[in-house]
Amino acid sequence: MFELAQPLALLSLPLPWLVQRFMAARSVGGRALVLPRRVGEELLARARRGGAGVAGVPLRDGALWLAWGLLVVALSGPRDLAPVSALKVSGRDLAIALDLSGSMVRDDFDLDGRQVTRLEAVQTVGAEFARRRGATGWR
């Protein structure tokens, strides 16, 4: 199901048009933005060189409106809510952390009547624990 997180954000779609329409009338000399003469002339010349788009709207203006519309739609937070089927989970994840420092090579453990290193003892006991856990169904 399609849904918007912030549907009220769509109310800002006509904002650039409203600013252009009402701010232009209040500005000095009928302009909403006053630029230095040289910069203004350069921008005006660039605008005149731009090609006309559909229905007399320059392509540049159409691209700006499209970008604004996409931004507002993105801000409204569209999302597709689909039901998620629950996965059957049995058991628990198990992680064992081992110390692999130099002290683990000392032969100071007695396992089944023989001297073994600490690392060998941990590996043997850990493997036996995992085997017994799976065989007896411990969860």
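Criteria and thresholds
- Residues numbered from 1 in each chain as written.
- Predicted model: local features only at pLDDT ≥ 70, side-chain atom pairs only at ≥ 80, totals over all residues.
- Heavy atoms only, no water.
- pLDDT = per-residue confidence, 0-100.
- Helix = DSSP H or I, 4+ residues; strand = E, 2+ residues; numbered from the N terminus.
- Salt bridge = Lys/Arg side-chain N within 4 Å of Asp/Glu carboxyl O.
- Polar contact = N/O pair within 3.5 Å; in protein donor to acceptor, adjacent residues only side chain to side chain.
- Contact = heavy atoms within 4.5 Å.
- Patch = residues over 30% accessible without salt bridge, like charges linked within 9 Å, V, L, I, M, F, W, Y side chains within 5 Å.
- Areas by Shrake-Rupley, 256 points an atom, 1.4 Å probe, with all protein chains shown as cover.
- Buried < 20%, exposed > 50% of the residue type's maximum accessible area, 1.4 Å probe, protein only.

**Section: the confidence of the model for the chain**
- The share of residues in the chain with pLDDT of 70 or more is 71%, and the mean pLDDT across the chain is 78.
- Helix H2 (residues 37–49) is the least confidently modelled element of the chain, averaging 66 in pLDDT, while strand E4 (residues 114–116) averages 91, the highest of any element.

**Let's talk about the pattern of salt bridges**
- Going through the model one piece at a time under the given rule, you end up with 3 salt bridges.
- Its salt-bridge partner being Glu-3, residue Arg-79 comes within 3.0 Å of it at the nearest N-O pair. Placement of the pair is Arg-79 in strand E2 (residues 78–80) and Glu-3 in strand E1 (residues 2–4), with a sequence separation of 76 residues.
- Two residues, Arg-118 and Asp-108, come together in a salt bridge whose shortest N-O distance is 2.7 Å.

**Some details on the environment of Arg-131**
- Checked against the element boundaries, Arg-131 lands in helix H4 (residues 118–136).
- Separated by 3.1 Å, the side chains of Arg-131 and Glu-128 make a polar contact.

**A closer look at the side chain of Ser-76**
- With respect to the helices and strands, the residue Ser-76 is situated in the loop between helix H3 (59–75) and E2.
- Within polar-contact distance, the side chain of Ser-76 engages the backbone oxygen of Val-73 at 2.6 Å.
- The residues touching Ser-76, leaving out its near neighbours within four places in the chain, are Leu-4, Ala-5, Gln-6, Pro-7, Ala-9 and Leu-10.

**Considering the side chain of Thr-117**
- Here Thr-117 is to be found in the loop between E4 and H4.
- Thr-117 has contacts with Met-104, Val-105, Arg-106 and Asp-107, leaving out every residue within four places of it along the chain.

**Topic: a nonpolar patch on the surface**
- On the surface, Leu-94, Ile-96, Leu-98, Leu-100, Val-122 and Phe-129 cluster together into a nonpolar patch covering about 560 Å² of accessible area.
- With respect to the helices and strands, Ile-96 occurs in the loop between E2 and strand E3 (109–111).

**What to know about unusual backbone geometry**
- The phi dihedral of Asp-112 is positive, around 55°, even though this residue is not glycine.
- On the secondary structure map, Asp-112 appears in the loop between E3 and E4.
- Exposure remark for Asp-112: the relative accessible area of 76% places this residue in the exposed category.

**A few points about the environment of Leu-13**
- With respect to the secondary-structure elements, Leu-13 resides in the loop between E1 and helix H1 (15–26).
- Taking relative accessible area as the criterion, Leu-13 reaches 32% and is therefore assigned partly exposed.
- Measuring from C-alpha to C-alpha, the distance between Leu-13 and Trp-65 comes to 9.2 Å, with 52 residues separating the pair along the chain.
- Leaving out residues up to four positions away in the same chain, Leu-13 has contacts with Trp-65, Trp-68, Gly-69 and Val-72.

**Some words on the environment of Gly-126**
- On the secondary structure map, Gly-126 appears in helix H4.
- What makes Gly-126 partly exposed here is its relative accessible area of 21%.

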